[in-house]
Amino acid sequence: MDTHPTFSCDDELRHWPTDEPQARAVQDRLRTCVRLDESGPPPGFAGTVVGVDVAYDDARNVVAAAAVALDARTLAVVDEATAVGQVSFPYVPGLLAFREIPTVLEALTRLTRTPDLVVCDGYGLAHPRRFGLASHLGVLTGLPTIGVAKNPFTFRYEPPGPERGATSPLLDRDGAEGAGEEVGRAVRTQKGVKPVFVSVGHRVGLDQACAHTLHLAAAYRLPETTRAADSLCRRALARA
């Protein structure tokens, strides 16, 4: 029998940061909990992969989150949920997770099954403080997570080859802390189309994260998880 997932992060939500210094302190504390020693489930595993995304109405200070569950083998949608909330944190680059996670968590808890893998429209390790949305969400929920972003944020890369499946390292910029460190990969999901930028979040290795991205992006540049969650959160915002 399907049940709604529960996550032990109530204390974190009760003490959610409201300003930049508090948020940076939380990042410093929680990023030590990121697990990078697990490969994660293989692409096409027998289970559920969930995409999460958000949409904003800045005029009303409202955020709508969507969680869409797909069969990891067939990519058929098997469940979906939304949540709408008030944005309680200012816009600060590198701290967007603090605007999004409370509503994303609410959407996740409204699913009727616990995800085996979560795909975020954003970053994980590919983050200036090595703790983007995918890592933050993974640590709070304990779920395997990856980030698949549309742009490389502050990092540099050489364009991967033109064929589907080509990759190149996403590297910290020269002069930054950890310069030259591979924080993710640019992945060409479709021939001749701009790459996406994949990074690990929590409990998934980078090779596996890239393989999942290719499996989920069988027909389009973006993974089906992201496409479905983007469409659903926009509809939820329009209804709000």
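Parameters at a glance
- Residues numbered from 1 in each chain as written.
- Predicted model: local features only at pLDDT ≥ 70, side-chain atom pairs only at ≥ 80, totals over all residues.
- Heavy atoms only, no water.
- 1 Å grid on protein atoms, 1.4 Å probe; cavity = no way out; pocket = protein on both sides within 12 Å on 5 of 7 lines; lining within 4 Å.
- Points joined across faces, edges and corners; volume = space filled by probe spheres on them.
- Helix = DSSP H or I, 4+ residues; strand = E, 2+ residues; numbered from the N terminus.
- Nonpolar A, V, L, I, M, F, W, Y, C, P; charged D, E, K, R; others polar.
- Core = buried A, V, L, I, M, F, W, Y, C linked by side-chain atoms within 4.5 Å.
- Buried < 20%, exposed > 50% of the residue type's maximum accessible area, 1.4 Å probe, protein only.
- Pairing = 2+ DSSP bridges.

This paragraph deals with the layout of surface pockets. Empty space within the largest pocket amounts to approximately 470 Å³. Forming the boundary of the largest pocket are 23 residues, of which Leu96, Glu100, Asp121, Gly122 and Tyr123 lie nearest the centre. Elements with a minimum of two residues in the lining of the largest pocket: β1 (48–57) and α3 (97–109). Its residues assigned to classes, the lining of the largest pocket comprises 13 nonpolar, six polar and four charged.

For soluble globular proteins, nonpolar side chains are generally found buried alongside one another. Within the largest apolar cluster, 37 residues are counted, with the highest numbers of intra-cluster contacts made by Val52, Leu108 and Leu137. Looking at this core, the elements that each hand over two or more residues are α2 (20–30), β1, β2 (62–71), β3 (77–86), α3, β4 (117–120) and α4 (133–141). Here this core gets seven residues from one element, more than from any other, and that element is α3. With 31 residues, the next largest nonpolar core counts Val49, Ala55, Leu117 and Val200 among its residues.

As a further point, take the pairing of β2. Most of β2 is tucked away, with nine of its ten residues classed as buried. Across ten bridges, β1 lies against β2 in antiparallel orientation. Across the sheet, residue Gly51 finds its bridge partner in β2, namely Val68. The turn linking β1 back onto β2 is made up of four residues, and Asn61 within it adopts a positive phi angle of 60 degrees.

Attention shifts here to unusual backbone geometry. Not every positive phi belongs to a glycine, and Leu75 is a case in point at roughly 70 degrees. Relative to the assigned elements, Leu75 resides in the loop between β2 and β3. What makes Leu75 buried here is its relative accessible area of 18%. With a phi close to 60 degrees, Arg130 is a non-glycine residue in the positive phi region. By the element assignment, Arg130 lies in the loop between β4 and α4. For Arg130, a relative accessible area of 16% gives the class buried.

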